[in-house]
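# Coordinate inspection notes
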Amino acid sequence: MVGNEGRAINVALLGCGVVGSQVVRLLTEQADELAARVGAPVHLVGIAVRRPQRHADVPADLLTTDAAGLVARDDVDIVVELVGGIEPVRGLLLTALKNGKSVVSANKALLAEDGAALAAAADESGADLYYEASVAGAIPLLRPIQQSLAGDRIRRIAGIVNGTTNFILSAMATSGANYTEALEEAGRLGYAEADPTADVDGYDAASKAAILASLAFHTRVTADDVYREGIRDVSAADIAAAKALGCTVKLLAICEQVDGGRGERSDGKSYVTARVHPAMIPRSHPLASVSGAYNAVFIEAAAAGQLMFYGQGAGGPETASAVLGDLVAAARNRVIGGRGPRDSAHAHLPVLTMGETRTRYHVALDVTDRAGVLAQVAGVFADHDVSIATVRQEGRGQNGGDADDGVPNTRDATLVIVTHSATDAALASTVEALTGLDAVRGVAGVLRVEGLGRPVTELGGAS
């Protein structure tokens, strides 16, 4: 790419909402500093919005409703996309990249679904594609994975990448509130949308997990490849059970490279797992202390060891900071004639299904408190090749019968079992079989248990 020393770098902005308006502010307030860092002035030449009348604080001559026309302008060097969604944004960004314009985007859904096509278009034309703001707001995360750790081998990424769900689970843990009460509080404070589906059902985190897995393991992973389970079914009893075991509950995005496969996949090959679900983690783990709407991502690498990135995962100024970082990088490349890091998918590792993925489990059963029940339950676990690490039984009181009617009294109990590592499929079949036992009145809860590279001594052994 030929350099553009001395010529201004022209930027087109798609979207001027919470983040976009902050990008406009920073570009205006820091114009001189940005020019010094880039080596040329950075000019905002157009902003595409749907309703110009809602942006009275923006110069009218910058506003347009013709996003396609703005992207097609010959004088535009960089397109910053903060609209979100899939269409028509996909077509606009592909057009920009194919015409040699660099793209900065925070669009996690599009990148998780069609990042390969965007990267291919960038490679073909020599343009840059940056998307630091798509995963963890202000936290510098993707660039360290792509560049700082490029010479290392990442083994696992586990992160709290959705502030809404972390606020809800934190509130449940600190106040004893149930899910509905905590969600209502999140809404009142502005942490939850009117329709919180994307957050509480794990869609937002699954898109981010796909992006992280793709970068970390040099393999194309889409949102459809990511197992997804939200937090709607996490109960106050689950939170209390975690506390009793020295743990807390977090919604985690977990991406791992599994060497050699497991179980039936013991074939010497490497696989990728990508999943989003609530999990118990030891309170001794750094992620356990991340509360409120904050995000944090924990990385385990072969040489670098354990690293954690922490900060604001959302917000207008915070996310705009990440966008401006990408914009400066893309603009510098325009000035000096260089190119940013390219997406690498050379490994082509297969993605394991959730059924083949191994972890540990906390299973709470409501059972009849009588002799032989524990042996029956343990037998079911053994039949499905799920090894038990610890068992705890708690009596819950008398049920049925009366001393005067000749019917034997029975007592209910809660049986709490923590397993060793097992496949998700094996655990699911175990739970299904347990519900068929006469002594099991119901499955009170099942939560995965993640040691995340640290001993889980509270739960009866290493992870």
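Shown above is the structure to which this text applies.
Before going into details, it helps to say that this report is about the structure given with it. (Residues numbered from 1 in each chain as written. Predicted model: local features only at pLDDT ≥ 70, side-chain atom pairs only at ≥ 80, totals over all residues. Heavy atoms only, no water.)

### Focus on the nonpolar core
As a reminder of what qualifies: Definition of nonpolar core: a set of buried residues of the types Ala, Val, Leu, Ile, Met, Phe, Trp, Tyr and Cys, connected through side-chain atoms within 4.5 Å. Only protein chains enter the accessibility calculation, which uses a 1.4 Å probe; a residue is then buried when its area is under 20% of its type maximum, exposed when over 50%, and partly exposed in between.
Ranked by size, the top nonpolar core spans 80 residues in total, and within it L14, L141, I157, I168, M280 and I299 carry the most contacts. Grouped together as the second largest cluster of nonpolar side chains are 35 residues, A40, V49, V323 and A329 included.

### Here we look at the packing of helix 1 (residues 18-29) against helix 13 (residues 316-336)
Let me state the cut-off plainly: In this analysis an axis means a line fitted to C-alpha atoms, helices contributing only their contacting stretch, and an angle means the value between N-to-C directions, from 0 to 180 degrees. Where helices and strands are cited, they refer to DSSP runs of H or I of at least four residues and of E of at least two residues respectively, numbered from the N terminus. These descriptions rest on fixed angle ranges, namely under 35 degrees for roughly parallel, over 145 for roughly antiparallel, 65 to 115 for roughly perpendicular, and the rest for oblique. By definition, any crossing whose near helix is turned counterclockwise from its far helix by less than a right angle is left-handed, and any crossing with a clockwise turn is right-handed. Here, two residues are considered to be in contact whenever any of their heavy atoms come within 4.5 Å of each other. Gly is placed with the polar residues, together with every amino acid not listed as nonpolar (Ala, Val, Leu, Ile, Met, Phe, Trp, Tyr, Cys and Pro) or charged (Asp, Glu, Lys and Arg).
Here helix 1 crosses helix 13 at 60°, and the two axes come no closer than 8 Å. Viewed along their axes, helix 1 and helix 13 adopt a mutual orientation that is oblique. Classified by chirality, the crossing of helix 13 by helix 1 is right-handed. Along its contact with helix 1, which presents V18, V19, Q22, V23, R25, L26 and L27, the element helix 13 presents G316, P317, T319, A320, S321, V323, L324 and L327. Its residues placed into classes, the contact of helix 1 with helix 13 shows 10 nonpolar, 4 polar and 1 charged.

### Observations regarding the side chain of D204
Where we set the bar: Pairs of N or O atoms are called polar contacts if they sit within 3.5 Å, as long as, within protein, a hydrogen donor faces a hydrogen acceptor (for residues adjacent in sequence, only side-chain-to-side-chain pairs).
Mapped onto the elements of the fold, D204 is located in helix 11 (residues 203-217). The buried category is assigned to D204, whose relative accessible area is 9%. Separated by 2.9 Å, the side chains of D204 and N162 make a polar contact. Here the side chain of D204 touches K208 through a polar contact of 2.9 Å, side chain to side chain.

### Focus: the sheet that holds strand 3 (residues 63-64)
Heads up, the rule is: One requirement defines pairing of two strands: DSSP has to find at least two bridges between them.
Taking strand neighbours across the sheet as the criterion, the 6 strands line up as 3-2-1-4-5-6 in an open arrangement whose pairing is parallel. With partners counted over all chains shown, the strands left at the sheet margins are strand 3 and strand 6 (129-130), one partner each. Bridge count for strand 5 (residues 102-105) against strand 6 is 2 bridges, and the pairing is parallel. Bridging across to strand 6, V104 finds its partner in Y130.

### Topic: the pairing of strand 7 (residues 154-160)
Residues in a regular strand project their side chains so that they alternate between the two faces of the sheet. In terms of residue burial, strand 7 counts as a mostly covered element, since 6 of its 7 residues are buried. Bridge count between strand 7 and strand 11 (residues 294-301): 6 bridges; the pairing is antiparallel. Following the sheet pairing, R156 is matched in strand 11 by E300. Judged from the 4 bridges that link them, strand 7 and strand 9 (residues 247-259) form a sheet pairing that is antiparallel. Counted as the bridge partner of R156 is E256 from strand 9.

### Let's talk about the packing of helix 8 (residues 163-175) against helix 9 (residues 179-188)
As a packed pair, helix 8 and helix 9 sit with axes 9 Å apart at the nearest point and diverge in direction by 125°. In terms of axis orientation, helix 8 runs oblique to helix 9. Where helix 8 crosses over helix 9, the handedness of that crossing is right-handed. Between helix 8 and helix 9, the contacting residues are F167, I168, A171 and M172 on the first element and Y179, A182, L183, E185 and A186 on the second. Grouping the constituent residues of the contact of helix 8 with helix 9 by class yields 8 nonpolar, no polar and 1 charged.

### A word on the pattern of salt bridges
Short version of the rule: One speaks of a salt bridge when a side-chain nitrogen belonging to Lys or Arg is within 4 Å of a carboxyl oxygen belonging to Asp or Glu.
One pass over the structure, following the stated rule, counts 24 salt bridges. In this structure, R153 and D259 form a salt bridge, with 2.8 Å as the shortest nitrogen-oxygen distance. Taken together, the residues span a long stretch of sequence, with R153 in the loop between helix 7 (142-148) and strand 7 and D259 in strand 9 at a distance of 106 residues. By relative accessible area, R153 is classed as partly exposed at 40%. Given the relative accessible area of 44%, D259 is considered partly exposed. Residue E450 is joined to R275 by a salt bridge in which the shortest nitrogen-to-oxygen separation is 2.7 Å. Remark: R275 occurs in strand 10 (residues 270-282) and E450 occurs in the segment after strand 17 (440-449); sequence separation between them is 175 residues. Side by side, E450 and R275 carry an identical accessibility label, which is buried.

Any link to function would need more than the numbers given here.
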